Amino acid sequence: MQVTISSGNNINGTLVLPLFEGEEALPADVGGIPAALKGQIDRVLGDGDFKAKANSTMTLMGTDGGKAMLIGLGKANKVDVHGYRDAGATVVASLKKIHGDELTVLFHDADVQSMAAFGEGMMLRDYRYDLYKKKDEEDEDTNLAARINCSEGDASALSALIEKAAAVTSGVHLSRDLGNCPPNDMYPMAFAEKAEKWAKEYDNVKVEVIDYDAAIRHGMGGLVAVGMGSARKPCMVIFTLNGEKAGRHPVLVGKGITFDTGGISLKPGANMDEMKYDMGGSATVFGTMQALAASGYDGKVVGITCMAENMPSSNAQRPGDVITTLSGKTIEVLNTDAEGRLVLSDGLWKAGTDFDPEYIVDFATLTGACVVALGHEATGLWSNDDEFRGRLHETSKSVGELAWPMPLLPAFEKEMTDSKIADTRNLGSGRWGGANTAAAFLKQFVPNRGEGEDAEQITWAHMDIAGTYWGAKTNKMVGHGATGIHVRTMVEFITQK
Ligand code: BES
Ligand code: ZN
Ligand code: ZN
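Residues numbered from 1 in each chain as written. Chains lettered and ligands numbered in written order. Predicted model: local features only at pLDDT ≥ 70, side-chain atom pairs only at ≥ 80, totals over all residues. Heavy atoms only, no water.

Colleague: When you look at the pairing of strand E14 (residues 379–383) in this model, what are you seeing that I'm missing?
Modeller: Burial analysis of E14 places five of its five residues in the buried class, which makes it a mostly covered element. The alternating pattern of E14 places Thr-379, Leu-381 and Ser-383 on one face and Gly-380 and Trp-382 on the opposite face, and all of these are buried. With three bridges connecting them, E14 and strand E15 (residues 403–405) associate as parallel partners. Each bridged residue has a counterpart across the sheet, and for Thr-379 the counterpart in E15 is Ala-403. In the classification by handedness, the crossover that spans E14, the intervening helix H11 (residues 386–398) and the parallel E15 is right-handed. Examined bridge by bridge, E14 and strand E19 (residues 460–464) share four bridges and lie antiparallel to one another. Its bridge partner being in E19, Ser-383 is matched across the sheet by Ala-461. (Buried < 20%, exposed > 50% of the residue type's maximum accessible area, 1.4 Å probe, protein only. Helix = DSSP H or I, 4+ residues; strand = E, 2+ residues; numbered from the N terminus. Pairing = 2+ DSSP bridges. Right-handed = clockwise from strand over helix to strand, strands pointing away.)

The following block contains the structure:
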């Protein structure tokens, strides 16, 4: 969808009219609306037939040919940017053939931030994954075009915000495309090929693929153990944006299990198809790199994605195996379904030893226990730095992608080192607190900066997106499938300063 800004008064296509609850008529200075249509709008408002409750819509056809979609914002003193973003998304979700593919949005009493949020909501919600569906000529993809009419004074600031939102939306939609892709077509090297193709689109990005043989050579024992049971071998894909920039920089790490059967610790059959989304962490990383590149961000950022397919086979790892990770630490694999933490152990170590991170953030559909704790409404957020965790929490809240603080306790870490024959174990000793023990496990693979007395662990946060990468129920920006969550959080976090 293309959103443009105009400070003119004319209306093309369907008029989209955001309204506050309690408005009984349009203000007199809202111009450009055909008289018959305006009369009808005033009538439904005056009669109370349209109350403008948040996210309610009504379509009107004027006898003079004008068409309008009214969209409720709720009470004027209650609606915030999230309300505007939701309302924009609701408009797009409610479009029918009759509205055509041209929209003109006419606000009254909205500031630049609110108008931009509405436009962002429209763009984010304009998403379908129908690549594998036969297309009738009838439902040929429509190319929506929306114009926001605003005052001359607001036009340039609004244009800039919309342009940035469009760039970021392209990253969110990339993450969703990757997640929604069926697992027969989305396997580790397919992800790598997509990344390599993407790297050709921008001069300031680079993609390096560490394939299976190289991963073995480098000693990536976690990645190799998880991926070796599949005919489609694992790999690590490293994205670099503005690599020539000196100094410390963010490093993002993603869990990229393109399908998680559980391996020899096989999962039950019900809903196993959903395990195609188990590469959501890597999709978040790739999507964020796209959003940053498209929006012209000029700082250095590195993304590390740990790609593997977790399959049972005669080559698969077994419960009981002891593996040696890139860090040199050994892990007793007590359950092959706790595979995300194994591939991440190598990704996190690589992040902290091959680069000079200002901080590391990892994204992973890591545990069912996180979904038990937080449902589909919030991501679990752990960090070795309380202040850092607080800032990530605030940023996630500010963009409407809630990440909720969770405890990283020494007791959880202790539980994960209690192996008779290895340095660590990949399973807690009981079933309680599984999302916390998983986070504590990961912490052991975050390197220190400095040595000896001065050694300090690199600032790190872990986001468990098992409940939020798909299955969203209340998120108005998502119609179906993968959500693309935290691309917007990370763009905001990285670019604000
Ligand atoms: N990919 C799953 C986690 C998951 C489960 C995400 C359900 C979303 C919905 C992960 O690899 C896994 O299977 N974790 C196990 C860990 C356990 C064996 C310690 C789990 O959560 O049951
Ligand atoms: Zn698993
Ligand atoms: Zn998994």
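Having seen it, we continue.
Colleague: Can you walk me through the coordination of the zinc ion (ligand 3) in this structure?
Modeller: Taken together, the protein donors to the zinc ion (ligand 3) comprise Lys-255 (NZ), Asp-260 (OD), Asp-278 (OD) and Glu-339 (OE), at separations of 2.0 to 2.4 Å. Note that the zinc ion (ligand 3) binds six donor atoms; their angles at the metal cover 77 to 172 degrees, and the shape is octahedral. Here the donor residues of the zinc ion (ligand 3) share one chain and are spaced in sequence as K-x4-D-x17-D-x60-E. A separation of 3.2 Å is found between the zinc ion (ligand 3) and the zinc ion (ligand 2), which are bridged by Asp-260. Of this pair, Asp-260 sits in strand E9 (residues 249–260) while Glu-339 sits in the loop between strand E12 (330–332) and helix H9 (340–354), placing them 79 residues apart in sequence. Given the relative accessible area of 3%, Asp-260 is considered buried. (Donors = N, O, S within 2.8 Å, 3.2 Å for Na, K, Ca; no water. Tetrahedral: all angles 85-135°; square planar, octahedral: opposite > 155°, others 65-115°.)

Colleague: Honestly, the sheet that holds strand E6 (residues 145–149) in this entry has me stumped. Any pointers?
Modeller: Sheet strands pair via backbone hydrogen bonds, and the direction of the pair is either parallel or antiparallel. Spatially, the six strands line up as an open sheet ordered E1-E6-E5-E2-E4-E3, and their pairing is mixed. Looking at the sheet topology across the chains shown, the edges are occupied by strand E1 (2–6) and strand E3 (57–61). Across this sheet, the average inter-strand angle for adjacent strands is 25 degrees, counted without regard to direction. Inspection of the sheet shows strand E2 (residues 14–19) paired to strand E4 (residues 67–72) by five bridges, in the parallel sense. Pairing of Leu-15 across the sheet is with Ala-68, part of E4. The sheet strands contacting helix H1 (residues 35–46) are E2, E3 and E4, and the helix crosses E3 at an angle near 145 degrees. Across the sheet, helix H4 (residues 152–180) is in contact with E1 and E6; its angle to E1 comes to roughly 170 degrees. (Axes fitted to C-alpha atoms, helices over the stretch in contact; angles between N-to-C directions. Contact = heavy atoms within 4.5 Å.)

Colleague: I would appreciate a short explanation of the coordination of the zinc ion (ligand 2) in the present structure.
Modeller: In an ideal tetrahedron of four donors about a metal, each angle is 109.5 degrees. In an ideal octahedron of six donors, the angles are 90 or 180 degrees. Listed as protein donors to the zinc ion (ligand 2) are Asp-260 (OD), Asp-337 (O), Asp-337 (OD) and Glu-339 (OE); their distances from the metal cover 2.0 to 2.2 Å. One can describe the site at the zinc ion (ligand 2) as irregular: its six donor atoms subtend angles covering 71 to 168 degrees at the metal. All donors of the zinc ion (ligand 2) belong to a single chain; written as a sequence motif, their spacing is D-x76-D-x1-E.

Colleague: How should I be thinking about the pattern of salt bridges in this particular structure?
Modeller: The tally for this structure, following the rule as stated, stands at 20 salt bridges. Overlapping salt bridges, with partners in common, bring together Arg-85, Glu-120, Glu-401 and Arg-488 in one network. (Salt bridge = Lys/Arg side-chain N within 4 Å of Asp/Glu carboxyl O.)

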